[in-house]
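Okay, here's what each chain looks like letter by letter:
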Amino acid sequence: MHDVRALVAGAALSLGASFVSAGGAGAVELNGAWATSADQCDKVFSREGGKLGFSDMSEVYGGGFIVDGKQLIGKSARCTVTARKDDGINVNLVASCATDIMLSSVQFSLKQLDANSIARLFPGMEDMEIRYHRCPFN
């Protein structure tokens, strides 16, 4: 459940948080791996055969998500961004998400904090946010 929330938040990674780069100037760049703690990237993500994925115990270290184009990938869910609206440092996303047991449509509100940090915002809960940091994987 935490992975789905993290992906939706991102994530997701959420997402991503800004998850997919849009064509317009000034769009928030979301591609990459995002973790809730920048110093835990190597514990959240792993590489197998050159492909970036999640470590076995990634959720113990705060979790995260991977953004690859319009795909938002969490440990237990995968989403496809169906709509995106950039408004300066804010990004609103609508994504179609699937887990092993359900399909859903999810809305994400993200705010770019700096080039490598984003926050997922929760409209209606003004003091609640989840921060994500871009991991330095190529």
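Shown above is the structure to which this text applies.
The shown structure was predicted, so the numbers you read here are calculated from the model rather than taken from an experiment.

Draft legend 1. Structural detail: the nonpolar core. If you look at the biggest cluster of nonpolar residues, it comprises 17 residues, and the most contacted ones within it are Leu-72, Leu-93 and Phe-108. Among the elements of the structure, β4 (64-68), β6 (78-87), β7 (90-98) and β8 (103-114) are those that each provide at least two residues to this core. With four residues, the single largest contributor to this core is β7. Counting residues in hydrophobic clusters, the runner-up holds nine residues, among them Ala-33, Ala-35, Ile-66 and Ile-73.

Draft legend 2. Just the pattern of salt bridges, in detail. Evaluation of the coordinates by the stated rule reveals three salt bridges. One salt bridge in this structure joins Arg-84 and Asp-86, with 2.6 Å as the shortest N-O distance. Residue Asp-86 is classed as partly exposed on the basis of its relative accessible area, which comes to 25%. The partner of Arg-131 in a salt bridge is Glu-129, with the nearest N and O atoms 2.6 Å apart. Residue Arg-131 is classed as partly exposed on the basis of its relative accessible area of 47%. Here Glu-129 falls in the partly exposed class, since its relative accessible area comes to 35%.

Draft legend 3. Quick peek at the sheet that holds β4. Strand order around the closed barrel formed by eight strands is β1-β4-β5-β6-β7-β8-β9-β10, with antiparallel pairing between neighbours. Each strand axis lies, on average, 35° off the axis of its neighbour in the sheet, ignoring direction. Bridging between strand β1 (residues 32-35) and β4 involves four bridges; their strand directions are antiparallel. Counterpart to Ala-35 in the pairing with β4 is Gly-64.

Draft legend 4. Geometry of a nonpolar patch on the surface. A cluster of nonpolar side chains, namely Met-57, Val-60 and Tyr-61, defines an oily patch on the protein surface of about 280 Å² accessible area. By the element assignment, Met-57 lies in the loop between β3 (51-54) and β4. Residue class for Met-57 comes out partly exposed when judged on its relative accessible area of 48%.

Draft legend 5. Expanded view of the state of the cysteines. All chains considered together, the criterion is met by two disulfides. Put simply, Cys-41 and Cys-135 are joined by a disulfide, and their sulfur atoms are 2.0 Å apart. Residues Cys-41 and Cys-135 share a disulfide whose torsion about the S-S bond is about -80°; that sign makes it left-handed. Of this pair, Cys-41 sits in helix α2 (residues 41-44) while Cys-135 sits in the segment after β10 (129-134), placing them 94 residues apart in sequence. By the burial criterion, Cys-41 is buried, and Cys-135 matches it. A sulfur-sulfur distance of 2.0 Å marks the disulfide that ties Cys-79 to Cys-97. Looking along the S-S bond of the Cys-79-Cys-97 disulfide, the torsion reads about 110°, which is the right-handed sense. Taken together, the residues span a long stretch of sequence, with Cys-79 in strand β6 and Cys-97 in strand β7 at a distance of 18 residues. We note that Cys-79, like Cys-97, is buried.

Rules used in this analysis
- Residues numbered from 1 in each chain as written.
- Predicted model: local features only at pLDDT ≥ 70, side-chain atom pairs only at ≥ 80, totals over all residues.
- Heavy atoms only, no water.
- Core = buried A, V, L, I, M, F, W, Y, C linked by side-chain atoms within 4.5 Å.
- Buried < 20%, exposed > 50% of the residue type's maximum accessible area, 1.4 Å probe, protein only.
- Helix = DSSP H or I, 4+ residues; strand = E, 2+ residues; numbered from the N terminus.
- Salt bridge = Lys/Arg side-chain N within 4 Å of Asp/Glu carboxyl O.
- Pairing = 2+ DSSP bridges.
- Axes fitted to C-alpha atoms, helices over the stretch in contact; angles between N-to-C directions.
- Patch = residues over 30% accessible without salt bridge, like charges linked within 9 Å, V, L, I, M, F, W, Y side chains within 5 Å.
- Areas by Shrake-Rupley, 256 points an atom, 1.4 Å probe, with all protein chains shown as cover.
- Disulfide = S-S within 2.5 Å.

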